[in-house]
Amino acid sequence: KVLAPPVVTSFTTVGNVCHNNAITFNNTYTNGDGTVIKWIYNWNDGSPIQTMTTGTNVTHIYITPGIKTATLTLETGYGCRNVSFPVTFTVNPLPVPSYTFSNSVCLPAANIVFTNTTPNTAANSYQWSFELPSASPANTSILTNPSHVYTTQGPFNTHLIATNITSGCKDSTAIIVINSNTIH
């Protein structure tokens, strides 16, 4: 008897596809003759082939952005394998958040101006947070280039999260920027 191999009906990425982040892959299949006992993933990025014994979603991290192709091969308890099923997708780069700030300001209302130097600024949204226990106004901003008023000397941390508005990829940076050399 010739046994029918299993058939992959879909193999796709789920959610945001960003480098240096876990990318989730989903698959559906039909068994053919016998039950599928191995899901064999080739990520085609130099990492080892990954063999799983369940068909649940699997994750993989690509360390570089760009166009990638991964393949899924199924194997039954009889040893029958399908023709490898490829999926081609784009792994998006993370934004690289960065900024500068005013070098010197004076109390009692030291207004620090933050200049966003993140590359490709227009393609991102921003979430700033300014560490200060009793800041007024609020400790956050969504402006590209915000300012914040400090009423005491630091040190204080600032934190910037940049999110690419197309891909959903995001990254953050934090810098101790406000100290006695900045606020006088």
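Our structure is the block above this text.
What you are looking at is a predicted structure, and each value in this text was computed from that prediction instead of being measured.

**Notes on the overall build of the protein chain**
Argument step 1. In terms of regular secondary structure, the protein chain is built from 0 helices and 14 strands.
Argument step 2. Mapped from its N terminus to its C terminus, the protein chain presents α and β elements in the order β-β-β-β-β-β-β-β-β-β-β-β-β-β.
Argument step 3. The C-alpha atoms of the protein chain give 25 Å as radius of gyration, which overshoots the globular expectation for 184 residues (16 Å, by more than 25%).
Argument step 4. Overall, the protein chain is about 90 × 30 × 25 Å in size when its C-alpha atoms are taken along their principal axes.

**Considerations on the sheet that holds strand β12 (residues 147-150)**
Argument step 1. What the 3 strands build is an open sheet, ordered β8-β9-β12; its pairing is antiparallel. Among the strands making up the open sheet, the edge pair consists of β8 (99-101) and β12. Averaged over neighbouring strand pairs, the angle between their axes works out to 25° when direction is ignored.

**Describing the state of the cysteines**
Argument step 1. Enumeration according to the criterion identifies 1 disulfide in this entry.
Argument step 2. Linked covalently through their sulfurs, C18 and C169 form a disulfide whose S-S length is 2.0 Å. Disulfide C18-C169: torsion about the S-S bond near -95°, hence left-handed. With C18 in the loop between β1 (7-14) and β2 (22-30) and C169 in the loop between β13 (156-164) and β14 (170-178), this residue pair connects regions lying 151 residues apart in the sequence. Summarising the burial analysis for this pair, C18 and C169 share the class buried.

**Side note on the sheet that holds β2**
Backbone-to-backbone hydrogen bonds pair the strands of a sheet. The strands run either parallel or antiparallel.
Argument step 1. On the basis of which strands lie adjacent, the open sheet formed by 3 strands has the order β1-β2-β5 and antiparallel pairing. Looking at which strands have only one partner, the edges of the open sheet turn out to be β1 and β5 (58-61). Adjacent strand axes in the sheet meet at a mean angle of 30° when their direction is disregarded.
Argument step 2. The pairing of β2 with β5 spans 4 bridges and is classified as antiparallel. Pairing of T24 across the sheet is with T59, part of β5.

Analysis parameters
Residues numbered from 1 in each chain as written. Predicted model: local features only at pLDDT ≥ 70, side-chain atom pairs only at ≥ 80, totals over all residues. Heavy atoms only, no water. Helix = DSSP H or I, 4+ residues; strand = E, 2+ residues; numbered from the N terminus. Rg over C-alpha atoms; globule rule 2.2 N^0.38 Å. Pairing = 2+ DSSP bridges. Axes fitted to C-alpha atoms, helices over the stretch in contact; angles between N-to-C directions. Disulfide = S-S within 2.5 Å. Buried < 20%, exposed > 50% of the residue type's maximum accessible area, 1.4 Å probe, protein only.

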